[in-house]
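What follows is the residue order along each chain.
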Amino acid sequence: MKKQFSQKWTISKYWLRSLITILLVIGVFFRFVNIDKKLYWGDEVFSSLRISGYTQSEMRKQLSNGRLLGIEDLHKYQYPNPEKNAIATIKGVIVEDSQILPLYILITQFWVKCFGDSVAAIRSFSAFISLLAFPCLYWLCQELFESSLVGWIAIGLIAVSPIHIVYAQEARAYSLSIVAILISSVALLRAMRLKTNVSWCIYAATLSIGFYTHLFFTLVAFAQGIYVLAIERFRLSKTSIYYLLSSLVGFISFVPWIWIIITNPQPEAVTWTNIKQTVFMSFARWAGIFSRAFIDLGISPNEPGKFKFVLIPFILILLALISYSIYVVCRRTSKKVWLFVLTLIGSVGLPLLITDFVFFKRYATSRYTLPSVLGIQLAVAYLFTTKITSISIKAWQKKFWSIVAFMVIMGEVVSCLVHSQSQIWWNQFPEKYQEYPKMAHIINQGKQPLLISDEDNIIPPLQVLSNLIDPKVQFQIVGKNQLPEITNGFSDIFLFLFEPSDFLKAGIEKVYNSKLQQVSTFLWKITKAN
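Residues numbered from 1 in each chain as written. Predicted model: local features only at pLDDT ≥ 70, side-chain atom pairs only at ≥ 80, totals over all residues. Heavy atoms only, no water.

Caption draft 1: Focus on the overall build of the protein chain. A tally of regular secondary structure across the protein chain gives 24 helices and six strands. A compact globule built from 530 residues would reach a C-alpha radius of gyration of about 24 Å, and the protein chain, at 26 Å, matches this within 12%. Projecting the C-alpha coordinates of the protein chain onto the three principal axes gives extents of approximately 95 × 50 × 45 Å. The contacts in the protein chain between residues at least 6 apart in sequence include a share of 76% that link residues at least 24 apart. Working note: accessible area of the protein chain is about 24200 Å², and carbon and sulfur atoms make up 66% of it. Between the centroid of the 50 positive side chains of the protein chain and the centroid of its 30 negative side chains there is a distance of 15 Å. (Helix = DSSP H or I, 4+ residues; strand = E, 2+ residues; numbered from the N terminus. Rg over C-alpha atoms; globule rule 2.2 N^0.38 Å. Contact = heavy atoms within 4.5 Å. Areas by Shrake-Rupley, 256 points an atom, 1.4 Å probe, with all protein chains shown as cover. Lys, Arg positive; Asp, Glu negative; His and termini not counted. Charge placed at Lys NZ, Arg CZ, Asp CG, Glu CD.)

Here it is as structure tokens:
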């Protein structure tokens, strides 16, 4: 009987690993396919500015003097430049983006110098780094669950997880932060198991890497501290002492940047959090955040339309699945396992959840709650493993959970397919940028077009638009409350104002005896008045 079960188990494990391998191939494919087709939106433009080493003030001063510019003049501030070194890059981050940690910027700068400065090349670093999450996740499952099978299923779920695909194709630090979280988690569990000086030094090093990857990693590190102290029952044991020393070393390495953040605050960087939210809107946002780990058709809670209501039953089923997964982990695993999963889920999720529902503001976004999503996916992977392969589960239950797992995976694959074919996605604020492709198409139709704007519209609006329009388009950018000197020789002249300027519109109409014909929300065509 035991031999017969062992043979069946070997066969099932073979087919399972074959399925996971297929999902891995699909996941890698969707991380790189059409990577340059998505809109290179505002946040990515700011990443590119930081990579270039220039500051916003330098860029504005050099571009907004009213002279004629080509696309290459704007793109000079989007790619690494021989005039700027790593020190200049760090200075730019300190002065203008202190909340952005420098590790991603510096590594990406080196990557772009090696592999080119196209949109595909810049984004490919995030896609490449996201692949490192697979071995890290497998290792984490080995340390946490002591099961290679949970590791394989977790890899399969994350390989085609739509939220991981979205951020693997974005020129931001989110894929790097996922890897940093996984590595530090592995290092912590390994150090607690081995109890050696070297293992705790490795953990301290992973903390330093994480701290300089994303600001919210500090919450993950704090949650890891709660986990260690709870496991040690808040006693000053040898493990607790080693943990405190390792954390102290990691924290000290981050103190210089904490001082930079305090002395160079950037409150305007988080003005979007001031948007008031009702309880229902907050609930819808959180439901979307968690469900996007498994299904994502590009629908935002703020997007009008009836289609999003069709997704409500599926989202509720996924939320029930997530809740049940956490319940199963808490009931069937040791304290070492379920407490780690809960602290990972709550590390960022709990503080943001409290602030959202207490202050009714939009603090939580999918990019900030990735640690919580990782914890949820670990719980779901454990659920599927126990329900599909456990000896004590009845045959019809195994079939049921196999169907559930298959449907979840199919939802992920379909989501990835839809995402791969779209030009703009919910994470790129379509309500803000959805008209950019249309405006670019209108401008590109001209034989020799000129695009006029002012310094307030350089970044991100003009830089975003510059990645969509043809090289034949020329630009003329003026300072605030200044008028351009429009010359002859252009077939079409357009005025682009994402940030409004009544002075510029009225001045062009009056001084040049022209008429402004609005062709899009932020675009006007300048024609001679009759």
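Having put the structure on the table, let's press on.
Caption draft 2: Layout of helix H24 (residues 502-511). Taken together, the buried positions of H24 are occupied by Leu 504, Gly 507 and Ile 508. What you see down the axis of H24 is that its buried residues fit within an arc of 100°, all on one side. Among the exposed residues of H24, those oriented more than 90 degrees off its buried face are Asp 502 and Lys 510. Downstream of H24 by one or two residues, Asn 513 has phi in the positive range, about 50°. (Buried < 20%, exposed > 50% of the residue type's maximum accessible area, 1.4 Å probe, protein only. Arc of directions from axis to C-beta.)

Caption draft 3: Region of the structure containing the packing of helix H18 (residues 335-359) against helix H19 (residues 370-389). Between H18 and H19, whose axes approach to 7 Å, the crossing angle comes to 155°. In terms of axis orientation, H18 runs roughly antiparallel to H19. Read as a crossing pair, H18 and H19 show a hand that is left-handed. Taking contact as the criterion, the partners of Val 341, Leu 344, Ile 345, Ser 347, Val 348 and Gly 349 in H18 are, on H19, Pro 371, Ser 372, Leu 374, Gly 375, Ile 376, Leu 378 and Ala 379. Per-class residue counts for the contact of H18 with H19 are nine nonpolar, four polar and no charged. (Axes fitted to C-alpha atoms, helices over the stretch in contact; angles between N-to-C directions. Parallel < 35°, antiparallel > 145°, perpendicular 65-115°, else oblique. Left-handed = near helix turned anticlockwise from the far one by under 90°. Nonpolar A, V, L, I, M, F, W, Y, C, P; charged D, E, K, R; others polar.)

Caption draft 4: Inspection of unusual backbone geometry at higher detail. Of note, the bond from Ile 459 into Pro 460 is cis; its omega dihedral lies within 30 degrees of zero at 0°. Mapping Pro 460 onto the fold places it in helix H23 (residues 458-466). Of note in the backbone geometry, Asn 34 takes a positive phi value of approximately 50° without being a glycine. You will see that Lys 195, though not glycine, has its phi angle at about 60°, which is positive. Inspection of the secondary structure puts Lys 195 in the loop between helix H11 (174-194) and helix H12 (197-211).

Caption draft 5: Examining the environment of Arg 190 more closely. Mapping Arg 190 onto the fold places it in helix H11. Those residues in contact with Arg 190 that sit more than four places away from it in its chain are Trp 139, Glu 143, Lys 195, Ser 199 and Ile 202.

Caption draft 6: Fine view of the packing of aromatic side chains. Scanning the model with the defined rule gives 28 aromatic pairs in all. With a centroid separation of 5.8 Å and an interplanar angle of 10°, the aromatic rings of Tyr 324 and Trp 401 are classed as stacked. Highlighted residues: Tyr 324 in helix H17 (residues 312-332) and Trp 401 in helix H20 (residues 395-420), separated in sequence by 77 residues. The buried category is assigned to Trp 401, whose relative accessible area is 12%. Taken together, Trp 41, Phe 429, Tyr 433, Tyr 436, Phe 496, Phe 498 and Phe 522 form an aromatic cluster joined through their ring pairs. The ring centre of Trp 426 lies 3.9 Å from the NZ or CZ of Arg 292, which sits over that ring. (Phe/Tyr/Trp six-rings, centres within 6.5 Å; stacked < 30°, edge-to-face > 60°. Lys NZ or Arg CZ within 6 Å of the ring centre and 35° of its normal.)

Caption draft 7: Main features of the side chain of Thr 55. Mapped onto the fold, Thr 55 is located in the loop between helix H2 (42-52) and helix H3 (56-63). For Thr 55, the side chain forms a polar contact with the side chain of Ser 57, separated by 3.1 Å. Not counting residues up to four positions away in its chain, the partners in contact with Thr 55 are Leu 49, Arg 50, Gly 92 and Glu 96. (Polar contact = N/O pair within 3.5 Å; in protein donor to acceptor, adjacent residues only side chain to side chain.)

Caption draft 8: Structural context of the packing of helix H9 (residues 148-159) against H19. Running from amino to carboxyl end, H9 crosses H19 at an angle of 125°, the nearest separation of the two axes being 8 Å. When the axes of H9 and H19 are compared, the pair comes out oblique. For the crossing formed where H9 meets H19, the hand is right-handed. Along the contact surface, H9 presents Leu 149, Val 150, Ile 153, Ala 154, Leu 157 and Ile 158, while H19 presents Leu 374, Gln 377, Val 380, Ala 381, Tyr 382, Phe 384, Thr 385 and Thr 389. Considering only residue class, the contact of H9 with H19 consists of eleven nonpolar, three polar and no charged.

Fair warning: the whole summary comes from geometry, so function is off the table for now.
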